[in-house]
Amino acid sequence: MRRRIALLLVTAFAVNFSSVSLAQESQQPGQIKPYLQVKPLPGDEKVIRAFFSPNCSFSRMYLPFFKNLSATLPEDKVFMYTPLVNKGDGLTFALGFAAVQRFYPNFVQNFIEAAMVGVQDKGISTVNWAGIDRLGKAARLPVSLPMLVKSNQDMLMQDVEHLIAVRHHLAILNTPAVSVAGTYIVTPEFTGGDVQLFSQLVNGIISMTQ
């Protein structure tokens, strides 16, 4: 198990850029579009992913936007929070998130909010199980989160491996970031950090994929 965890940590940092192309590559000179484009990710054709990190203050700043976006998507679209698996947050956080997402999906929003408040305001660590336990309780999960992970360890390791594979395919480096239809990648950097413009951009790309 330790060897597998070590391999996951190594894999989490090995981002593959071979599938990435700047949107302007297929445009005429001067016609630069405000997104990155990757080879379509199979299975994500109807998915809108919001990549985040509990340690990222910008992820927290954009959380209300993500929450609103999840509630206003067209019926044929699916919204998914996706943690950016990394050493700083720890595989413990990724496993904890995967457990909540799989077994208590209605608590995902609670867990993310509790994680951001816990990490950024209260200094709770996400790299140990004591911290994950505190976050689970803050999110009002009806079970012990560390015990839930322990009881379903192999399944959840596979879920985390999938999260890492998705990140690699989409070449996500920073948070927050949004992927639309497993093809178009948008970050607040494209709109200079303007939340309203970012909202318009994301919704415009979603409409483009309809």
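Model, not experiment: these values are computed from the prediction.

### Quick notes on helix H8 (residues 153-170)
So, step 1. Between its first and last C-alpha atoms H8 spans 26 Å; for 18 residues at 1.5 Å apiece the expected length is 26 Å, and the two agree.
So, step 2. Of all the positions in H8, only Leu-156, Met-157, Asp-159, Val-160, Leu-163, Ile-164, Val-166, Arg-167, His-168 and Leu-170 are classed as buried.
So, step 3. Just downstream of H8 lies Ala-171, where phi reads positive at about 55°.

### Quick notes on the packing of helix H4 (residues 91-103) against helix H5 (residues 108-122)
So, step 1. Close contact between H4 and H5 brings their axes to 9 Å; oriented N to C, the two are set at 155°. Relative to H5, H4 is oriented roughly antiparallel. The chirality of how H4 crosses H5 is right-handed. Of H5, the residues touching H4 (which contributes Phe-93, Gly-96, Phe-97, Val-100 and Gln-101) are Val-108, Phe-111, Ile-112 and Ala-115.
So, step 2. Residue classes in the contact of H4 with H5 are distributed as seven nonpolar, two polar and no charged.

### Comments concerning the packing of H5 against helix H6 (residues 129-138)
So, step 1. Orientation of H5 relative to H6, taken along the N-to-C sense of each, is 125°, at an axis distance of 8 Å. With respect to H6, the axis of H5 lies oblique. Between H5 and H6 lies a crossing of right-handed hand. Side by side, H5 and H6 meet where Phe-111, Ala-114, Ala-115 and Gly-118 of the first sit next to Leu-135, Gly-136 and Ala-138 of the second.
So, step 2. Its residues assigned to classes, the contact of H5 with H6 shows five nonpolar, two polar and no charged.

Calculation criteria
In this numbering scheme, every chain counts its residues from 1 along its sequence in written order. At least 70 in pLDDT is required for a residue's local features to be given in this predicted model, at least 80 for side-chain atom pairs to be given and counted, and no such filter applies to totals for whole chains, interfaces and linings, which use all residues. Side-chain calculation: all heavy atoms of the structure are included, whereas hydrogens and water are not. Helical segments are the DSSP runs of H or I of at least four residues, strand segments are the runs of E of at least two, and each set is numbered from the N terminus. One fewer than the residue count of a helix, multiplied by 1.5 Å, yields its expected span. Three labels apply to residues, based on accessible area from a 1.4 Å probe with only protein chains included: buried if under 20% of the type maximum, exposed if over 50%, partly exposed otherwise in between. Orientation is described by lines fitted to C-alpha atoms, with helices fitted over the stretch in contact, and by angles between N-to-C directions that extend from 0 to 180 degrees. Under this scheme an angle from 65 to 115 degrees is roughly perpendicular, one under 35 degrees roughly parallel, and one over 145 degrees roughly antiparallel; angles in between are oblique. Rotating anticlockwise by less than a right angle from the far helix to the near helix defines a left-handed crossing, while the corresponding clockwise rotation defines a right-handed one. Whether two residues are in contact is decided by their heavy atoms, any of which lying within 4.5 Å being enough. Amino acid classes used here: Ala, Val, Leu, Ile, Met, Phe, Trp, Tyr, Cys and Pro are nonpolar; Asp, Glu, Lys and Arg are charged; the rest, including Gly, are polar.

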